[in-house]
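Structural description and commentary
This is what each chain is made of:
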Amino acid sequence: MTSPVSGAVAAQPSQFHARPAPAADAAGAQRWTPAAVEALLELPFADLLYQAQTVHRQHHDPHEVELATLLSVKTGGCPEDCGYCPQSVHHDTGVAAGKLMAVDEVRAAAERARAAGATRFCMGAAWRAPKDRDVEAVAELVRAVKDVGLETCATLGMLEDGQAQTLRAAGLDYYNHNLDSAPDFYGEIISTRDYQDRLDTLQRVRGAGLRVCCGGIVGMGESRRQRAALIAQLANLSPTYPESVPINNLVKVQGTPLAAQPDLDPLEFVRMIAVARITMPRARVRLSAGRQQMSEAVQALCFVAGANSIFHGEKLLTTGNPEVAADLDLLGRLGLTPRSA
């Protein structure tokens, strides 16, 4: 219809799709089913982003982004056969095995990261499961990074009883151990450990009083239902979902079994960020691996969808990442401010 004053078309009431909700278990706790998460993924794009941004604003400053730096403190030689990983001894990718970095080297890297604006410093070591002496050595690195004034995170593989407590005593804030995929897709990409191994390590991390950093990788050939099942698994972790949720877009490395995997639709990746935000409202949702291959427009949509953390620095373990100056320029143009230490 037209306005009697101007002849312009009057605004019509818009249809809005209600947000699918989690179910309650026998104890009354909310649990997200894969079907409910998939229903979120299938919402019209504008509705999904609106709902994710609404949740985001309820729990976070929508203009703040955490900058985290990731350093490989022990590279290559990993006995796992993860199909995406260039550090596996099973794949010919040109990544040489190295020794654990010295304390002074790591401290210097942490100082550079802090000068570049990072507030969290993450250390990765390519082990299947560290020995106690390895954990003690990493504990020294944790103490050095804490002295610089940064939050600390480590990803060292599977932990045994007592090892998480050693890391916490050294000052570790977060332990990263990704689930990678949905349970029913996991065996398609990894055969050297099973899903329960990952869940057991997360339980040990929680038991030690450490905060959890746990996410997954998309674009490995999984279905949308399997992507939904990954989010449901993360959202339903006991006693609560992770404090940090890195969402990785597959980086295809020559020599790995997934090198020829077709690209995931970028808008599907944005949808994953949105459902992570809706299902884990208080978590920091991080744009992780694969960001170098994303356009600035896709990254901007991810921030609208609720991402509020990025890996900051030109390298992620062994793969590339956007330049620091380019990141700061993009954040500035979007009106986003790095989180203060």
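Above this note sits the structure.
Procedures and definitions
Residues numbered from 1 in each chain as written. Predicted model: local features only at pLDDT ≥ 70, side-chain atom pairs only at ≥ 80, totals over all residues. Heavy atoms only, no water. Helix = DSSP H or I, 4+ residues; strand = E, 2+ residues; numbered from the N terminus. Buried < 20%, exposed > 50% of the residue type's maximum accessible area, 1.4 Å probe, protein only. Contact = heavy atoms within 4.5 Å. Areas by Shrake-Rupley, 256 points an atom, 1.4 Å probe, with all protein chains shown as cover. Pairing = 2+ DSSP bridges. Right-handed = clockwise from strand over helix to strand, strands pointing away. Disulfide = S-S within 2.5 Å. Axes fitted to C-alpha atoms, helices over the stretch in contact; angles between N-to-C directions. Parallel < 35°, antiparallel > 145°, perpendicular 65-115°, else oblique. Left-handed = near helix turned anticlockwise from the far one by under 90°. Salt bridge = Lys/Arg side-chain N within 4 Å of Asp/Glu carboxyl O.

**Quick notes on the overall build of the protein chain**
The secondary structure content of the protein chain amounts to 11 helices and 14 strands. The buried share among the 341 residues of the protein chain stands at 55%. In the protein chain, the share of contacts with a sequence separation of at least 24, taken over all contacts with a separation of at least 6, comes to 72%. Total accessible area computed for the protein chain in this model is approximately 14,800 Å², and 51% of it derives from carbon and sulfur atoms.

**Here's the deal with the pairing of strand S5 (residues 151-155)**
Counting buried positions along S5 gives four out of five residues, so the element sits mostly inside the fold. Summarising the sheet, strand S4 (residues 120-125) and S5 pair through five bridges and their orientation is parallel. Bridge assignment links phenylalanine 121 to a residue of S5, and that residue is threonine 152. Regarding topology, helix H4 (residues 132-148) serves as the crossover connection from S4 to the parallel S5, and that connection is right-handed. With two bridges connecting them, S5 and strand S6 (residues 174-176) associate as parallel partners. The partner of alanine 154 across the bridge, within S6, is tyrosine 175. Viewed along the sheet, the connection from S5 through helix H5 (residues 163-169) into S6 turns out right-handed.

**Focus: the state of the cysteines**
Scanning the entire structure with this criterion turns up zero disulfides. In this structure cysteine 78 is not part of a disulfide, and its nearest cysteine sulfur, from cysteine 85, lies 6.3 Å away. Looking at cysteine 85, it has no disulfide partner, and the nearest cysteine sulfur is the one in cysteine 82, 6.0 Å off.

**Some words on the packing of helix H1 (residues 34-41) against helix H9 (residues 266-279)**
At a minimum axis separation of 9 Å, H1 and H9 run at an interaxial angle of 130°. Relative to H9, the element H1 lies oblique. For the crossing formed where H1 meets H9, the hand is right-handed. On H9, the residues that touch Val37, Leu40 and Leu41 of H1 are Arg271, Met272, Val275, Ile278 and Thr279.

**Structural notes on the pattern of salt bridges**
Under the defined criterion, the tally for this structure stands at 24 salt bridges. Arginine 286 is the salt-bridge partner of glutamate 66, the closest N and O atoms lying 3.2 Å from each other. Of the two residues, glutamate 66 sits in strand S3 (residues 64-74) while arginine 286 sits in strand S10 (residues 284-287), which places them 220 residues apart along the sequence. Like arginine 286, glutamate 66 is buried. For glutamate 268, the salt bridge is made with arginine 227, and the minimal N-O distance between the two is 3.2 Å. Taken together, the residues span a long stretch of sequence, with glutamate 268 in helix H9 and arginine 227 in helix H8 (residues 224-235) at a distance of 41 residues. Residue class for arginine 227 comes out buried when judged on its relative accessible area of 8%. Beyond isolated ion pairs, a larger network of salt bridges with shared partners links Glu64, Glu66, Arg120, Glu151, Arg284, Arg286 and Arg339.

Remember that the coordinates give geometry; whether it matters functionally is a separate question.
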